Amino acid sequence: IMLLTDPEIESSLLISSDEGATYQKYRLNFYIQSLLFHPKQEDWILAYSQDQKLYSSAEFGRRWQLIQEAVVPNRFYWSVMGSNKEPDLVHLEARTVDGHSQYLTCQMQNCTEANRNKPFPGYIDPDSLIVQDDYVFVQLTSGGRPHYYVSYRRNAFAQMKLPKYALPKDMHVISTDENQVFAAVQEWNQNDTYNLYISDTRGVYFTLALENVQSSRGPEGNVMIDLYEVAGIKGMFLANKKIDNQVKTFITYNKGRDWRLLQAPDSDLRGDPVHCLPPYCSLHLHLKVSENPYTSGIIASRDTAPSIIVASGNIGSELSDSDISMFVSSDAGNTWRQIFEEEHSVLYLDQGGVLVAMKHTSLPIRHLWLSFDEGRSWSKYSFTSIPLFVDGVLGEPGEETLIMTVFGHFSHRSEWQLVKVDYKSIFDRRCAEEDYRPWQLHSQGEACIMGAKRIYKKRKSERKCMQGKYAGAMESEPCVCTEADFDCDYGYERHSNGQCLPAFWFNPSSLSKDCSLGQSYLNSTGYRKVVSNNCTDGVREQYTAKPQKCPGKAPRGLRIVTADGRLTAEQGHNVTLMVQLEEGDVQRTLIQVDFGDGIAVSYVNLSSMEDGIKHVYHNVGIFRVTVQVDNSLGSDSAVLYLHVTCPLEHVHLSLPFVTTKNKEVNATAVLWPSQVGTLTYVWWYGNNTEPLITLEGSIAFKFTSEGMNTITVQVSAGNAILQDTKTIAVYEEFRSLRLSFSPNLDDYNPDIPEWRRDVSRVIKKALVEATGVPGQHVLVAVLPGLPTAAELFVLPHQDPMGENKRSAEDLEQISELLIHKLNQNSVHFELKPGVQVLVHAAHLTAAPLVDLTPTHSGSAMLMLLSVVFVGLAVFVIYKFKRKIPGINVYAQMQNEKEREMVSRVSHPESRPCVPQTGLRRPGQLIDEKVESQLIGTAPSALQRV
């Protein structure tokens, strides 16, 4: 016996090896959230902690060892005997540091990094790993659609194939019994219902078994499918199907090949006849199974009592939550009897030889009901002298048990009370051979179920003896195969005449696409025998797939895609390309792949490309990837336009701080790195309610009114969207003054945007204090680069009422005052204790970024000529930059945008995924992040003009 202490008090285990006579305490250094015991080794345990770590113990909890951190809750499994060679192998889903999930396996006592295996390549969707019997399932979403993969008997994973237009939104594995997968799939047009699909042996190809099965949400938000697998009889299921907004219960005996409604009882509990004729009226059952091990569900069956089913439900046209009664079937669902008019919990004892029923009620009870004849008659027994609020009922483990434990409390304030009920005294002997009779399993009189006639022995209802160990079926005889033993194969649908014909989307000849001339493949007849069906002879030969020689075919349906389905790849990283051929001889085929970057490869058959073709692109751009397939009967080709990108890390919006009204302003989005691939720019400015969308990183616009305006640019690069926002002041006129500083400021200038913004605020404060000029007339912007310089703007501020606007004369007076104070060295600030910085005036202009004068003055013309000469110098440097070591002009960025990236022939120069360095003139407003990485430039080239 193992007991867990209350984690709010301490974290310990109490272990008893003498049936609870004594206990020994073992302290833990973690808090247990759940335990998973090994199915065969009783001392092996997995423990999941509250901090998402998985521990293992091989000594029934006395010692623990850490297996893995960051394990996904409820996604860890023991090895399955027969499918795994190592019984101590653990399957688990773990999260990586960056939040991805991956499927890992390792041994419980040796789970080091070197000993972990990753059976599925790459990452999987979170919370998607399922290990069940011979199957392992994972999910991987790409292109917005989930894709499901299965591994059968721990072989390589294969993608699960549903009908082409099922387009699943969600999938739940219902059953993996007898080498077949039963799955519930919610398709694109379903909300509260699921379709049931059944697979081939490998779990790859699925066909439809039943549509529109009802689903609901559990207490913790988990999906609950109204499907119940009847224990003891393989292939038998009950399902609640939604038809025209009515939910009806159906039953199948052959794994979903055929379904029918349940026949209602002939009479009710009082013996009155029940008038109920299908399909207008039938019996409907609630199929939810209790998740609490201490309470029975509203439907129950047992492997050791294969014919007995107990459930709650109602009689009528549809399933109802009111007027619920209890029903029992003792012939595997063919006929039903009403046993109670209210809900009861039912427990199986002695292989169903004894049924114990206890009423579902919130009131205290002292009685229970017993039946020794499969629910035909019931006797009332008292199990406690004081009425008990029943919290749950447990049957002792073991097939032959006649002991049950009832636990509850006498009042809401009392401790738990456990009442042990032993029924052995009821029986005075064990059953002998003459106490049994044969019973044949059937479906409405049809004895051949799943291709065999099975006869069981059942205790005669009038004999009250203890059955003992379950013996199973007395005998089983195979049946002759008929059409009813075969389901439609993948890609085929059953029509009203019972025939399986190809679906509109399915090409039967595609089954031969993966074989080569001279080989053979299994050519489907449109039918496949229901898995685990034991029929022989009859139509088996006619309906079974036939081996057929692979035909010689010209290549057709050629496609080239990336392994993850995306049209983008990252520069400098492997991209895997998959070549897919719908038809053609895969062995005697020449495949040529041109990656579009001057590199091409050739293969002699498709089988050598099963894992895909890996390639690394060293440049950004759009590449035309072509594939050509040729054989002796023809050829085919396909094209993929692949966008190779570099991750966009930073966007800086470059524009003037101040501009004049009705003058054109240029705004440029400068990127880090400068070359990232195909981009989309979204611009918001002024009072526009709709953005401007461009493929270029620059726009020009005008402002027709004065004031402060906000401009935002958003840059979309693949899945990433980055933005930057700037504010620009618009006035009819303004003044600007270039500022310089004492050289000691350069020693503390890291040349980053944050520092420039903070120092601009400090300079403005110093100017206002030294001159008395109101702060709303002053704007200071420290410029990038060294030596440190700044632009001072004198603005014609007006109050909110539109009055007291400064005139040009006022701006001149403020400017003269500022220059006077600056020339007297009256403007200074303390950068840090002991570091005083003086602010100086360089020169004054009407507006350095735009021309405000109606006619060109001589000085303006001189400045224009200077700009022309500087432009010519930059052009000469650009043309001969390869001959000047260490110089790379920033204008290269714009030039490279014009390069053609499609269908390249020669090897372009490899460019790393980082921006280029470059020279600039002082005061030039460029990318604030680019500014900080201008390295190796000559100081003399940066002197103030």
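Residues numbered from 1 in each chain as written. Predicted model: local features only at pLDDT ≥ 70, side-chain atom pairs only at ≥ 80, totals over all residues. Heavy atoms only, no water.

An unreviewed UniProt entry lists the chain under the name Sortilin related VPS10 domain containing receptor 1, with Moschus moschiferus given as the organism. Taken directly from UniProt, the Sequence similarities (unreviewed entry) text for the chain runs: "Belongs to the VPS10-related sortilin family. SORCS subfamily." (UniProt positions renumbered as here; feature names shortened; annotations may be inferred.)

We now examine the overall build of the chain. Counting secondary structure elements, the chain contains 6 helices and 65 strands. Across the 945 residues that make up the chain, the buried fraction comes to 46%. In the chain, of all internal contacts separated by at least 6 residues, the share reaching a separation of at least 24 is 52%. (Helix = DSSP H or I, 4+ residues; strand = E, 2+ residues; numbered from the N terminus. Buried < 20%, exposed > 50% of the residue type's maximum accessible area, 1.4 Å probe, protein only. Contact = heavy atoms within 4.5 Å.)

As a further point, take the pattern of salt bridges. What the rule picks out here adds up to 31 salt bridges. Ionic pairing is found between Lys53 and Glu69, a salt bridge with its closest N-O pair at 3.9 Å. Of this pair, Lys53 sits in the loop between β5 (45-49) and β6 (54-57) while Glu69 sits in the loop between β7 (65-68) and β8 (71-78), placing them 16 residues apart in sequence. Across the pair Glu178 and Lys255 runs a salt bridge, and its minimum N-O distance is 3.9 Å. Remark: Lys255 occurs in the loop between β22 (246-252) and β23 (260-261) and Glu178 occurs in the loop between β15 (168-175) and β16 (182-187); sequence separation between them is 77 residues. The structure contains a network of salt bridges with shared partners spanning Arg257, Asp258, Glu483, Asp487 and Arg494. (Salt bridge = Lys/Arg side-chain N within 4 Å of Asp/Glu carboxyl O.)

Trans peptide bonds make up the majority, and among non-glycine residues the majority have a negative phi. Cis geometry marks the peptide bond from Pro278 to Pro279; its omega dihedral reads 5 degrees. Here Pro279 lies in the loop between β23 and β24 (282-285). Across the junction of Leu786 and Pro787, the peptide omega takes the value -5 degrees, indicating a cis bond. Mapped onto the elements, Pro787 comes out in the loop between β62 (778-783) and β63 (789-794). One non-glycine residue with positive phi stands out, namely Asn825, at about 60 degrees.

This paragraph deals with a nonpolar patch on the surface. A cluster of nonpolar side chains, contributed by Ile1, Leu3 and Tyr23, occupies part of the molecular surface with about 260 Å² of accessible area. With respect to the element layout, Tyr23 can be found in the loop between β2 (12-15) and β3 (24-27). (Patch = residues over 30% accessible without salt bridge, like charges linked within 9 Å, V, L, I, M, F, W, Y side chains within 5 Å. Areas by Shrake-Rupley, 256 points an atom, 1.4 Å probe, with all protein chains shown as cover.)

In this section: the packing of aromatic side chains. A full pass over the atoms with the stated rule returns 30 aromatic pairs. Aromatic pair Tyr103 and Phe157: ring centres 6.2 Å apart, planes at 85 degrees, arrangement edge-to-face. On the criterion of sequence distance, the pair formed by Tyr103 in strand β10 (residues 101-107) and Phe157 in the loop between β13 (145-152) and β14 (158-159) is long-range, its members being 54 residues apart. Of the residues examined, Tyr103 reaches a relative accessible area of 3% and is grouped as buried. Pairing Tyr490 with Phe506 gives two aromatic rings, centres 6.0 Å apart and planes at 85 degrees, and the pair type is edge-to-face. In this pair, Tyr490 sits in the loop between β39 (486-488) and β40 (492-494) while Phe506 sits in the loop between β41 (500-502) and β42 (520-523), placing the two residues 16 residues apart along the sequence. Taken together, the ring pairs connect Tyr205, Tyr490, Tyr492, Trp505 and Phe506 into an aromatic cluster. (Phe/Tyr/Trp six-rings, centres within 6.5 Å; stacked < 30°, edge-to-face > 60°.)

In terms of nonpolar packing, the biggest core is built from 26 residues, with Met236, Leu238 and Leu285 touching the most fellow members. Counting residues per element, the ones that place at least two in this core are β24 and β26 (305-316). Contacts of Leu285, omitting those with residues within four sequence positions, involve Leu238, Asn240, Thr249, Leu262, Ala311, Ser312, Gly313, Leu319 and Trp336. Within the second largest apolar cluster, 25 residues are counted, among which are Phe741, Trp755, Val780 and Leu818. (Core = buried A, V, L, I, M, F, W, Y, C linked by side-chain atoms within 4.5 Å.)

Moving on: the sheet that holds strand β35 (residues 417-422). Through backbone hydrogen bonds, the strands of a sheet pair up, either in parallel or in antiparallel fashion. Taken together, 3 strands build an open sheet; the order of strands is β33-β34-β35 and the sheet is antiparallel. Both edges of this open sheet fall to β33 (389-395) and β35, since each of them pairs with a single strand only. Direction aside, the axes of adjacent strands within the sheet are offset by 20 degrees on average. Both β33 and strand β34 (residues 403-409) contribute to a ladder of 6 bridges, which runs antiparallel. Considered in β34, the bridge of Phe389 is made with His409. (Pairing = 2+ DSSP bridges. Axes fitted to C-alpha atoms, helices over the stretch in contact; angles between N-to-C directions.)

Taken as a whole and judged by the stated rule, the model has 6 disulfides. Here Cys448 pairs with Cys479 through a disulfide, and the sulfurs are 2.0 Å apart. Across the S-S bond of Cys448 and Cys479 the torsion is about -95 degrees, and the bridge reads as left-handed. Of this pair, Cys448 sits in the loop between β36 (436-440) and β37 (452-459) while Cys479 sits in the loop between β38 (473-478) and β39; the two residues are 31 residues apart in sequence, bridging distant segments of the chain. (Disulfide = S-S within 2.5 Å.)

On inspection of all chains with the given rule, the structure shows 5 cavities of 30 Å³ or more. Estimates place the volume of the second largest cavity at around 70 Å³. Classifying every residue of the lining of the second largest cavity by side-chain character gives 4 nonpolar, 3 polar and 5 charged. (1 Å grid on protein atoms, 1.4 Å probe; cavity = no way out; pocket = protein on both sides within 12 Å on 5 of 7 lines; lining within 4 Å. Points joined across faces, edges and corners; volume = space filled by probe spheres on them. Nonpolar A, V, L, I, M, F, W, Y, C, P; charged D, E, K, R; others polar.)

For helix α2 (residues 753-771), with 19 residues, the first-to-last C-alpha span of 27 Å sits near the 27 Å given by 1.5 Å per residue. Listed as buried for α2 are Pro753, Trp755, Arg756, Val759, Ser760, Ile763, Ala766, Leu767 and Thr771. An end-on view of α2 places all buried positions within 140 degrees of arc, on one side of the element. Exposed positions of α2 whose direction lies more than 90 degrees from the buried face are Arg757, Arg761, Lys765 and Glu769. Backbone geometry just downstream of α2 places Gly772 in the positive-phi region, at approximately 80 degrees. (Expected span 1.5 Å × (residues − 1). Arc of directions from axis to C-beta.)

As summarised here, the arrangement of the 3 strands in space is β53-β55-β58, forming an open sheet in which the pairing is antiparallel. Of all the strands in the sheet, the pair left with one neighbour each is β53 (650-654) and β58 (698-701). Averaged over neighbouring strand pairs, the angle between their axes works out to 20 degrees when direction is ignored.

Take the environment of Gln675 next. For Gln675, the location among the structural elements is in the loop between β55 (665-672) and β56 (680-685). Along the chain, Gln675 and Leu648 lie 27 residues apart, while their C-alpha atoms are 8.7 Å from each other.

We now examine the environment of Ser329. Along the chain, Ser329 turns up in strand β27 (residues 325-329). In this structure, the C-alpha to C-alpha distance between Ser329 and Gly375, residues 46 residues apart in sequence, is 8.4 Å. A polar side-chain atom of Ser329 sits 3.0 Å from a polar atom in the side chain of Asp331. (Polar contact = N/O pair within 3.5 Å; in protein donor to acceptor, adjacent residues only side chain to side chain.)

Attention shifts here to the pairing of β58. Of the two faces of β58, only the one carrying Ile699 and Phe701 is buried; Ser698 and Ala700 on the other face are not. Note that β55 and β58 share 4 bridges and pair antiparallel. Within the sheet, the bridge partner assigned to Val665 lies in β58 and is Phe701.

This brings us to the side chain of Ser312. If you trace the backbone, Ser312 turns up in strand β26. Residue Ser312 is classed as buried on the basis of its relative accessible area, which comes to 0%. Setting aside residues no more than four positions away along its own chain, Ser312 makes contact with His284, Leu285, His286, Ile298, Ile324, Ser325, Met326 and Glu343.

Note that Glu733 resides in the loop between β60 (720-731) and β61 (735-741). The class for Glu733 is partly exposed, based on a relative accessible area of 28%. On a C-alpha basis, the gap between Glu733 and Thr660 in space is 6.1 Å, while along the polypeptide they are 73 residues apart.

Bringing the confidence of the model for the chain into the picture now. Taken over all residues, the pLDDT of the chain has a mean of 83, while the share at 70 or more is 84%. Ignoring residues within four places in sequence, the model shows residues 846-865, a span with pLDDT below 50, making 20 contacts including any to other chains. (pLDDT = per-residue confidence, 0-100.)

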